Amino acid sequence: RRHTRYYQCDWSSDVCSSDLAMNGDCTKLYASTWGDGIWMTETPDYVPSPGIRVANTHDSGLWSLREAINLANRGIGADTIRFDLPLEDPGYAPSAGTWTILIDSDLPAISDDSLFIDGNSQQESVGEDTNIDGPEIILTTNATDIVSRGLLLSSAYNRISHLVVNVIPGPGISINGESAHNNSVTGCYLGTDASGEIAQANQFDIYIYNSNHNLIGSMDIEDRNVLSGNSIHGIVLAGPNCSNNMISGNFIGLTPTKQYLGNGSHGVFIGGKATQNVIEENDIAFNGLTGVGVWDQGSDQNTISKNSIHDNIVTGILIGADANADIQPPVLTAGNKSIEGQTSPNATIELFSDEDGQGEIFEGAIMADESGQFIWTGKAQGPFVTATATDVSGNTSAFAAPVIPKSGGNGDSFIVTTTSETGTGSITETLEAAHSSTGAKRIEFNIPKSDAGFDVGNGVWTIKTRQTLNITADSLTIDGRSQTAFIGEDSNPFGPEIMFDGQLMGEDRKSVV
């Protein structure tokens, strides 16, 4: 034959000008022959094949992604959509090594089970990895007033692998409804360009609603998703039937090289009575509100474990009122060569260290006893140590107020208990005591809220000094964050709790410390 086309025409004449053609509902195949007229046969419901081919970047029509999804939906049994795009395709960008599919309207939902959309197949087609920084296939749109989502999964056992989905004014990938279970998304860059380094925002990357047992991510470095740069959340888990989903091994708010590319709000948002979901071993950072937020009464038994969570703007983990059974963070105390604490009975305690008050480095896990007490004797990479508690039902808490481990038997701690410049418990007295001590030592702050120097409006204690506080001792740590640990809360989420004010020093003041 010279060519093949699908198109609709007037079949009442029983004549078609093409060599091969199908009627409008694709149930009859017509073929013109040399000398034997036109032949017609009924088409089978499904013809098995090694894969459904996408051979151009068109929005629709033969060999388009849209047509491939439609064919897969009509099929019975497992299907694979494979990409076989030529270098001559107008959607190919040689400088990036990528092919861009611009959709003009929402793609059909993936409604038949067991579809594998294999973005890596494009490498096999051209015989090389044209984009060494990430996936080769980009799904995006210019029709932001018409398109509401990228890919929609309403069925089960589907796999979406190694695609870029960006500039979608809704979810890049939606997994919707109880029939959409046991799906996986791996190796995708969502909300970024094809390098994973530049934000090209979706509204959300992945939105899972009332669906269960889905897997987002992988611990295999080649299959980790980048879920960053979006205008609102990275991942949403919502609805009373949203349960037993695993979010594991993703970059959420970061680039593949772990640079800043935060989502606008939460990295991971769990709400609407979503239950028994697991957020495990992800890198979650630089998000506009929290790394992980769990909201709403009934959103329980959501486990947050072994993640690297740091540098999120408001806090690392936020557990809303009555969410996750209202579990409270453990209370930590720094002892010599140990961290002691109190939490729920028999809870799992995961300890983390960080440059700030979140949990960038997972240090290890221990079990609390039946009274909720625990002791950790490990050596933190630090300097700050915090912890989460996960009760026996799987509810995980927010991070504890951080502490700094004491140096052990060779170090001394000196406590500031007042904002007065001089006298018992003052900064002047503790500095003098520290200067007379040998070896490593630290000054900590345990100032009550009843102190006259406390400003309840901004959560800050102000120490007004009339003279420069000279530090002449070696190996001295002045730990402002110890005040947070003392009062059991971060009274100033925007910065430090302890402020030195030198206005009383006069015009000739040079420095406070």
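It should be noted that the structure appears before, not after, this text.
Summarised in this report is the structure supplied together with it. (Residues numbered from 1 in each chain as written. Predicted model: local features only at pLDDT ≥ 70, side-chain atom pairs only at ≥ 80, totals over all residues. Heavy atoms only, no water.)

This brings us to unusual backbone geometry. Even without being a glycine, Tyr 157 presents a positive backbone phi close to 60°. You will see that Asp 322, though not glycine, has its phi angle at about 75°, which is positive. For Asp 322, the position within the fold is in the loop between strand S28 (315–319) and strand S29 (331–335). (Helix = DSSP H or I, 4+ residues; strand = E, 2+ residues; numbered from the N terminus.)

To continue, consider the packing of aromatic side chains. What the rule picks out here adds up to six aromatic pairs. An aromatic cluster of at least three residues, connected via ring pairs, comprises Phe 352, Phe 362 and Phe 399. One residue, Arg 53, lies across the ring of Trp 63, its end atom 5.2 Å from the ring centre. The positively charged end of Arg 224 is found above the aromatic ring belonging to Phe 251, 4.1 Å away from the centroid. (Phe/Tyr/Trp six-rings, centres within 6.5 Å; stacked < 30°, edge-to-face > 60°. Lys NZ or Arg CZ within 6 Å of the ring centre and 35° of its normal.)

Moving on to the side chain of Asp 118. Looking at the secondary structure, you find Asp 118 in strand S8 (residues 115–118). Among the polar contacts made by the side chain of Asp 118, one reaches the main-chain amide nitrogen of Asn 120 at a distance of 3.2 Å. Every residue in contact with Asp 118, bar those within four places of it in the chain, is listed here: Thr 80, Ile 81, Arg 82, Phe 83 and Ser 161. (Polar contact = N/O pair within 3.5 Å; in protein donor to acceptor, adjacent residues only side chain to side chain. Contact = heavy atoms within 4.5 Å.)

Turning next to the nonpolar core. Leu 151 and Ile 160 are the most contacted members of the largest nonpolar core, which has 57 residues in total. Among the elements that take part in this core, helix H1 (residues 65–74) stands out by supplying four residues, more than any other. Not counting residues within four places of it along the chain, the set of residues in contact with Ile 160 comprises Ile 110, Ile 117, Leu 151, Leu 153, Ile 173, Ser 184, Val 185, Thr 186 and Cys 188. (Core = buried A, V, L, I, M, F, W, Y, C linked by side-chain atoms within 4.5 Å. Buried < 20%, exposed > 50% of the residue type's maximum accessible area, 1.4 Å probe, protein only.)

Further remarks concern the sheet that holds strand S35 (residues 412–416). If you trace the three strands from one edge of the open sheet to the other, you get S35-S36-S39, paired in parallel fashion. Edge positions in the open sheet fall to S35 and strand S39 (476–479), since each of these has one partner strand only. In this sheet, neighbouring strand axes are inclined to one another by 20° on average, regardless of whether the strands run parallel or antiparallel. Note: S35 against strand S36 (residues 441–445), five bridges, orientation parallel. Opposite Phe 414, over in S36, you have Ile 443 as the bridge partner. (Pairing = 2+ DSSP bridges. Axes fitted to C-alpha atoms, helices over the stretch in contact; angles between N-to-C directions.)

This next bit is on H1. Think of an α-helix as 3.6 residues a turn; residues three or four steps apart then line up on the same face. Listed in full, the buried residues belonging to H1 are Leu 65, Arg 66, Ala 68, Ile 69 and Ala 72. The buried residues of H1 occupy an angular sector of 160° when projected down its axis, which confines them to one face. In this fold, the buried residues of H1 make contact with strand S4 (52–54), strand S5 (79–83), strand S7 (98–102), S8, strand S9 (137–140) and strand S10 (151–153). (Arc of directions from axis to C-beta.)

Position of Thr 343 relative to the elements: it lies in the loop between strand S30 (338–342) and strand S31 (348–354). Since its relative accessible area comes to 13%, Thr 343 is described here as buried. Distance in space between the C-alpha atoms of Thr 343 and Pro 330 is 4.7 Å, their sequence separation being 13 residues. Once residues lying within four places of it in the same chain are set aside, the contact partners of Thr 343 are Pro 330, Ile 349, Ala 368, Ser 371, Gly 372, Phe 374 and Ala 389.

Moving on: the side chain of Asn 230. Relative to the assigned elements, Asn 230 resides in the loop between strand S18 (226–227) and strand S19 (235–238). Among the residues examined, Asn 230 registers a relative accessible area of 3% and is labelled buried. There is a polar contact of 2.5 Å between the side chain of Asn 230 and the side chain of Asp 205.

Residues Leu 289, Ile 313 and Val 314 make up a contiguous nonpolar surface patch of about 250 Å² in total accessible area. On the accessibility criterion, Val 314 (44% relative accessible area) is partly exposed. (Patch = residues over 30% accessible without salt bridge, like charges linked within 9 Å, V, L, I, M, F, W, Y side chains within 5 Å. Areas by Shrake-Rupley, 256 points an atom, 1.4 Å probe, with all protein chains shown as cover. Salt bridge = Lys/Arg side-chain N within 4 Å of Asp/Glu carboxyl O.)

What follows deals with the sheet that holds strand S21 (residues 251–252). Read across the open sheet, the nine strands follow the order S6-S7-S9-S12-S15-S18-S21-S24-S27; overall the sheet is mixed. The open sheet is flanked by strand S6 (92–93) and strand S27 (308–310), the only strands paired with a single partner. Across two bridges, strand S12 (residues 164–165) lies against strand S15 (residues 189–190) in parallel orientation. Its bridge partner being in S15, Val 164 is matched across the sheet by Tyr 189.

Turning to a negative patch on the surface, a few remarks are in order. Among the surface-exposed residues, Glu 128, Asp 129, Asp 133, Glu 197, Asp 220 and Glu 222 lie close enough to one another that they form a single negatively charged patch. Tracing the sequence through the fold places Glu 197 in the loop between S15 and strand S16 (204–209). Since its relative accessible area comes to 32%, Glu 197 is described here as partly exposed. (Lys, Arg positive; Asp, Glu negative; His and termini not counted. Charge placed at Lys NZ, Arg CZ, Asp CG, Glu CD.)

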